[in-house]
Amino acid sequence: MTDTGQTPRAAETRTDDALDETWSSPPGLLGRLTTVQNDVIGMRLILTGLFFLLLGGSVDSVVMRLQLAVPENDLVGPQLYNEMFTNHGSVTMFLVILPIFEGFAILILPLMLGTREMPFPRLGSFAYYTFVLGGLLYYSSTLFSAVPDAGWFGYTPLSGPEFSPDLALDFWVLGLGVAEVGAIAAAVEIIIAIMKMRAPGMTLTRLPLFAWAFLVTGFMILFAFTPLIVGSLLLELDRGFGTQFFDPDAGGSSLLWQHLFWIFGHPEVYIQFLPATGIVSMIVPVFSRRRTIGYPWLVASFVAIAFLSFGLWAHHMFTVGLPALVLSVFAAASMVIAIPAGMQIFSWLSTMTAGQVQWKTPMLWVGGFLTMFVLGGITGVMLAAVPFDAQAHDSYFVVGHLHYVLIGGVIFPIFAGFYYWFPKFRGRMLDERLGRWHFWLLFVGANVAFLPMHIVGLMGMPRRVSTYPSGLGWGPYNLVSTIGVLVMVVSMAVFARNLWVSWRRGPEAGANPWGADTLEWSLPSPPLQHGFSKPVIVTSRHPLWDQDDLHRGDPAVQRVAEGMASWPLKWRANLTVTSADARPEEIIRIAGPSIWPMVAGIGMVAIFAAELLKLRLGAVAGALVVVGAAIAWNRPEPIEMTEEEEREFESTYAVPVRVGGSSSIDRWGMGLALLFAAVAFATFVLAYFYLRLENPVWPPIGVASPSIVTGVAAAVPMVVGSGAVLIARHRIEGGDQRGLATGLAGGTVAALVGVWVLWRDLVGLEFDSMTHAYGSIFHALGGYLLALAAGAVVITATVLWWSRGGRFTPRRHNPVVNAARYWQAATAMWLAGLAVLYLGPALT
């Protein structure tokens, strides 16, 4: 008995109840809107992605296949068909697959990693709202009878103002742009969770392969989606402001769009594929009853695919007239990437053959994945050969290849993961019989639908045609493909039936119905809101198979775990670890429910919607809402623990407590935000020099080179401001409140001066942004530098406001540190950007 007269089990239950109350969302409608719980956000992403799949992935595909079932069909006209295939591709690529995978990650990672929550739960909430609101903005095009019709790739000049002058392509650019912001926000959340929010002892060499796959994917999203956002901005500037980025007659280049799009587009295929391989890598050892063979090689293959995927975007541009040497390089890269993919296949097959495979429903989906992805990969290597691609390009052979890769390589693993983890989060099993019917109908239907496309493509049928003449021999193959798609629809109906019945009456699952090896299966099904009451300690890649007691290990780590278990349960405490060896690093407070992420999401969509309607003041108002909401959700919260209490805990348990903010998590958050800014900056610079190479005279005749003196005058204030903010950081570390305020105020003023100098030069230039591409890129890059400086003003002024009343101390001043980091990076980009603008013409 304990001192209170309770049994240990009763005390444990009381602790669980108290923790659950602390981590639960508020009740009622307000609670649903403000919740930041990872299980709720993750489930919402998955379900919303499935909803968009129903709209764009199912309905459109059925109608298109019915139209193509027989020659010279008139079920739908060419215009509606163009709208449908544009919607089908756009929704599938932007609103279905990646959001579902990010939902899987946010839902599963905290439990799999042995932690209680994601590091920035409010950022996860913001990611969801921007995703769903962006999708709704895109779909609202039907209300204006302005449905996008230029393909999911939006090639210029077809998507430009000359050939698409109405609002249709604005809906495509702006609606999907909002969703892209959400994808990047979720990626930041996922990366930091995997690097910092793990159980003690879960080193990088013990990290579940699911987490490895999402870690690599998160970085890929930052590097791939950012150029797309910049490219979309340039396209919208052409459409809405009359710039000339993509007009060859005014110094622009239509191929610039293809480069920017496919720098995103081909890595996007692997951004969708790598999470699928993470799911497969979790399921194969469980149902083979064998530890993963080739774990290091699988990790290496994830990283190799990520790097190689950014070196073969011109794989999609073999027929645009690139030099032969360039074609050879990209063809070789397109073939080489098959090597790490093959390593994965052999690792899984080796694990399966070395074990005893149990063909439960999740494993059936893995078997289907292996079959279809290998077939899709073979045709991908065929298309990597330039001569073959020249013949098959824009034919139905490419359509068949793409769908084998996406259906077999992505959708099948999604269903494998759904059947595998559904019992954990619902507490009930999906019906095995209906699951097998679902699998076989989809497997047969997919092969019947997409295999004939390869044949008809080799017979000469082009893609993106709404009908075709009879007598060419294409009709029977198209009819078979249509039958296959209808079988796939039946399979989805079986899945819906299974989900509906099992959700209400499925057999109870228990904690670990599959006998799995990772930490999420150590918890009840469904788990409590806070997940783990006491931090677990990991000493193996397969903790549930190899460890008898998850709370035993290094005595120092056990002491930290005991300290957290006995913690006063008044705030959301969580443990962070060092990135590589997973040693306890800090105990931090996780942010709770807030309305501000939703407000920021509404503000973000308001910016894009106002630009859609050319209400420029509305876009400014939306930007102010986003900035205000971001400041509000990051505002320092009341601290429920004194510095003396923190030190007392630290002296007892030998781990720092950071109730006022985590230095390590904040460092990662700001670092990834700056990485996004740097990739965007690099994309602007790439566009500048690409256009420079396209123009033999730069600047164009009649336009003088910009004044270097002006560039120097704009550079000096930012350098001074960066130094002032750095001094402010050093002052507060010494407890100097006055020095802190002086440095922050000086930085704010210096940034304002730099903004004024550059702005004054941009508006006073003798050339505008609408006559020639030189003026367009000069103003665009200059505008981006102004945005960086404006960010410095907002951040510094906000931190200065927060510092009133001595809020920051030598121990608690993370916002000041982050402000200094931002200033250093922004100043570096500011100087490099000014060098490009004012020295670029002279150097080239």
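To continue, consider the pairing of strand β1 (residues 573–577). Successive side chains on a regular strand alternate, one facing one side of the sheet and the next facing the other. Summarising burial for β1: five of the five residues are buried, a large majority. Side chains Ala573, Leu575 and Val577 of β1 all project onto a buried face; the interleaved residues Asn574 and Thr576 project onto the opposite face, where all are buried too. Here β1 pairs with strand β2 (residues 584–589) via five bridges, running antiparallel. Its bridge partner being in β2, valine 577 is matched across the sheet by proline 584.

On to the packing of aromatic side chains. In the structure shown here, the tally under the stated rule is 60 aromatic pairs. With centroids separated by 6.2 Å and ring planes inclined at 55°, the aromatic side chains of tyrosine 419 and phenylalanine 495 adopt a geometry described as tilted. Separated by 76 residues along the polypeptide, tyrosine 419 in helix α14 (residues 396–426) and phenylalanine 495 in helix α16 (residues 475–505) bring together distant segments of the chain. In terms of burial, tyrosine 419 and phenylalanine 495 fall into one category: buried. Of note, arginine 541 hangs over the ring of tyrosine 295, and the distance from its end group to the ring centre comes to 3.8 Å.

What follows concerns the sheet that holds β1. In spatial order, the strands read β1-β2-β3; together these three strands make up an open sheet with mixed pairing. Edge positions in the sheet fall to β1 and β3 (657–658), since each of these pairs with one other strand and no more. Summarising the sheet, β2 and β3 pair through two bridges and their orientation is parallel. Bridge pairing in β3 places isoleucine 587 opposite valine 657. Those strands touched by helix α22 (residues 663–694) are β1, β2 and β3, and its axis lies near 85° from that of β2.

What follows deals with the nonpolar core. Among the nonpolar cores identified, the biggest contains 250 residues, and Leu234 and Trp421 are the most heavily contacted of them. A total of 22 residues in this core trace back to one element, the largest contributor, which is helix α6 (residues 168–196). Excluding residues that lie within four positions of it along the chain, tryptophan 421 makes contacts with Phe104, Ile108, Met112, Phe210, Ile279, Met282, Glu520 and Trp521. With twelve residues, the next largest nonpolar core counts Ala573, Phe649, Val655 and Val659 among its residues.

In this fold, arginine 122 is placed in helix α5 (residues 121–139). For arginine 122, a relative accessible area of 8% gives the class buried. As for arginine 122 and asparagine 38, which are separated by 84 residues in sequence, their C-alpha atoms are 9.7 Å apart. Not counting chain neighbours up to four residues away, the residues in contact with arginine 122 comprise Val36, Ala591, Gly592, Pro593, Ser594, Pro597, Trp633 and Glu637.

The subject of this paragraph is the packing of helix α8 (residues 254–288) against helix α9 (residues 295–309). Contact geometry for α8 and α9: axes closest at 9 Å, N-to-C directions at 170°. If you check the angle between α8 and α9, you find them roughly antiparallel. When α8 is examined against α9, the residues His266, Pro267, Tyr270, Phe273, Leu274, Thr277 and Ser281 are found in contact with a partner set consisting of Leu298, Phe302, Ile305 and Ser309. Partitioning the contact of α8 with α9 into residue classes produces seven nonpolar, four polar and no charged.

The rules behind each value
- Residues numbered from 1 in each chain as written.
- Predicted model: local features only at pLDDT ≥ 70, side-chain atom pairs only at ≥ 80, totals over all residues.
- Heavy atoms only, no water.
- Buried < 20%, exposed > 50% of the residue type's maximum accessible area, 1.4 Å probe, protein only.
- Helix = DSSP H or I, 4+ residues; strand = E, 2+ residues; numbered from the N terminus.
- Pairing = 2+ DSSP bridges.
- Phe/Tyr/Trp six-rings, centres within 6.5 Å; stacked < 30°, edge-to-face > 60°.
- Lys NZ or Arg CZ within 6 Å of the ring centre and 35° of its normal.
- Contact = heavy atoms within 4.5 Å.
- Axes fitted to C-alpha atoms, helices over the stretch in contact; angles between N-to-C directions.
- Core = buried A, V, L, I, M, F, W, Y, C linked by side-chain atoms within 4.5 Å.
- Parallel < 35°, antiparallel > 145°, perpendicular 65-115°, else oblique.
- Nonpolar A, V, L, I, M, F, W, Y, C, P; charged D, E, K, R; others polar.

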